[in-house]
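Summary of the model geometry
For reference, the chains in residue letters:
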Amino acid sequence: GFVITYPAMAIGWRWINRASPTTWILYGLGADQLGGDTGAMVAVGFPGVRTVQEFIEQYFGFEYDFRFYCIAIIMAYIVFLRVAAVLALRYINFLKR
């Protein structure tokens, strides 16, 4: 597959991108591993020399300071899905006795 970047995505589809847990995992990994890199790079299709951090912020929309919020969002997904599973096992019963 491939990843459509958030700035290149149609406005009507951006809400479903932010609702997906995979988005936050990729956002956190990309921002943490590449967002703080201030080394110079030349990207094909982009004029001039820029830092990796500038490229990640402009092309993908990943902000380096947002990486800790990504962890909190992923933990909230985990807690929500665990609680929902426990409640479903407790209160949804299709057995007839």
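Just above, that's the structure.
This text gives an overview of the structure that appears in the document. (Residues numbered from 1 in each chain as written. Predicted model: local features only at pLDDT ≥ 70, side-chain atom pairs only at ≥ 80, totals over all residues. Heavy atoms only, no water.)

A short note on a negative patch on the surface
Where like charges cluster on the molecular surface, the negative patch consists of Glu54, Glu57, Glu63 and Asp65. Secondary-structure assignment places Glu54 in helix H3 (residues 52-60). (Patch = residues over 30% accessible without salt bridge, like charges linked within 9 Å, V, L, I, M, F, W, Y side chains within 5 Å. Areas by Shrake-Rupley, 256 points an atom, 1.4 Å probe, with all protein chains shown as cover. Salt bridge = Lys/Arg side-chain N within 4 Å of Asp/Glu carboxyl O. Lys, Arg positive; Asp, Glu negative; His and termini not counted. Charge placed at Lys NZ, Arg CZ, Asp CG, Glu CD. Helix = DSSP H or I, 4+ residues; strand = E, 2+ residues; numbered from the N terminus.)

Observations regarding the packing of aromatic side chains
Following the criterion strictly, the structure yields nine aromatic pairs and no others. Here Phe55 and Tyr59 contribute two aromatic rings whose centre-to-centre distance is 5.3 Å and whose plane-to-plane angle is 10°, an arrangement assigned as stacked. Note that Phe55 and Tyr59 are positioned in helix H3 at a spacing of four residues, about one turn of the helix. Overall, Phe55 belongs to the buried group, its relative accessible area being 14%. A ring pair is formed by Phe55 and Phe60, whose centres lie 6.4 Å apart and whose planes are at 90°; its orientation type is edge-to-face. Taking relative accessible area as the criterion, Phe60 reaches 24% and is therefore assigned partly exposed. Here the aromatic residues Trp24, Tyr27, Phe55, Tyr59, Phe60, Phe62, Phe66 and Tyr69 are joined through ring pairs into a cluster of three or more. Above the face of the Tyr6 ring, Arg18 is positioned so that its terminal group lies 3.8 Å from the ring centre. In this structure, Arg90 is placed above the aromatic ring of Tyr91, and the distance from its NZ or CZ to the ring centre is 5.1 Å. (Phe/Tyr/Trp six-rings, centres within 6.5 Å; stacked < 30°, edge-to-face > 60°. Buried < 20%, exposed > 50% of the residue type's maximum accessible area, 1.4 Å probe, protein only. Lys NZ or Arg CZ within 6 Å of the ring centre and 35° of its normal.)

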